[in-house]
Amino acid sequence: MDDAVICSREAAADPLERARGFALANPCETLSLETLAAVAGLSPYHFARAFTARFGVSPMAFARERRMELAARRLTAPAPPTLVDLAFDLGFESQEGFTRAFKRAHGVSPGRYRRDHPALKETPAMSVLAAPSSLVMEPAPVRKPGFRFAGVSGVFSEADKAGIPALWPRLIQRLPLPGQRGDDISFGVCWGEGPGGGFHYMAAVPIADDAPVPAGLEVKEVAAQSYLVFRQATDGSDLHPQMQAAAREIWGVRLPKSGFRLANAPDLEAYPPHFYPDRPDSVEWWIPVEV
């Protein structure tokens, strides 16, 4: 069955499949992250995170791959179009721009690809990544109070999010902060609105409403919110791959099946007092939802 036909009633009810189906059905369009997020009915940040977790590739990379797959199929058809016609049909402004994009995707120029007729292979976007089994979800959303956070933040994308752990030593060397609250609990605070579809991540601790802004740190307010709470057991090995695996399961599997609609609010990683990443412990993921 053609990929563009997979959007059944089940897919239409699934926001990620709905957006994926839209990209499959419109491979000639230059789609934006905002357009695909609107099809899914999610904020661009939450959509990008959930889509990447489910399909193992970012929404924009998925759309580009589908367009280049269509280009490859047309080039190897019995009566292939000219390269300039194909470039314009696929929404490129020039044959040169199309050639560069095609070579990045397939490793060879369109002309050589057409001559050699290589077989198309399944891309990583076609398969769902395996999920860990160390997550336990609270049976119902949990209402949490508002927080005032102080910490160190950066803007990341799926390509460079491995740099997030480097924020934590910069925060830890400043602790405790004046007005710090929460019995040494710390948080990873994630929200969207980064350039190019990126996201912000802050390594932070809660501080009192009247506490001064610590020099060299940032402050972010998070309103009271209902969250789906997931508790993840960590085993003392490298923490970052464990967190990535949990994120794939939460955003790619658990949330779509939960029936809850994501709220337009930051999501939080809650680390218990005296947490050490090289010792077995637990982390909580707080995912904002509408109730």
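Details of the structure are given in the entry above.
Residues numbered from 1 in each chain as written. Predicted model: local features only at pLDDT ≥ 70, side-chain atom pairs only at ≥ 80, totals over all residues. Heavy atoms only, no water.

1. Remarks on helix H3 (residues 33–40)
- Looking at H3, one finds that the buried residues are Leu33, Leu36, Ala37 and Ala40. The buried residues of H3 occupy an angular sector of 100 degrees when projected down its axis, which confines them to one face.
- Against helix H2 (15–25), helix H4 (44–55) and helix H5 (59–75) lie the buried residues of H3.
- Positive phi appears at Gly41, one or two residues downstream of H3, with a value of about 75 degrees. (Buried < 20%, exposed > 50% of the residue type's maximum accessible area, 1.4 Å probe, protein only. Helix = DSSP H or I, 4+ residues; strand = E, 2+ residues; numbered from the N terminus. Arc of directions from axis to C-beta. Contact = heavy atoms within 4.5 Å.)

2. Focus: the pattern of salt bridges
- What the rule picks out here adds up to 10 salt bridges.
- Here Glu284 ties to Arg231 by a salt bridge, and the two come within 2.6 Å at their closest N and O atoms. You can see Glu284 sitting in strand E9 (residues 280–288) and its partner Arg231 sitting in strand E7 (residues 225–235), a full 53 residues away along the chain.
- Since its relative accessible area comes to 17%, Glu284 is described here as buried.
- Ionic contacts of the salt-bridge type, sharing partners, join the residues Glu65, Arg66 and Glu69 into one network. (Salt bridge = Lys/Arg side-chain N within 4 Å of Asp/Glu carboxyl O.)

3. Structural notes on the environment of Thr76
- Of note, Thr76 is situated in the loop between H5 and helix H6 (83–89).
- Taking the C-alpha atoms as reference points, Thr76 and Tyr113, 37 residues apart in sequence, are found 8.2 Å from one another.

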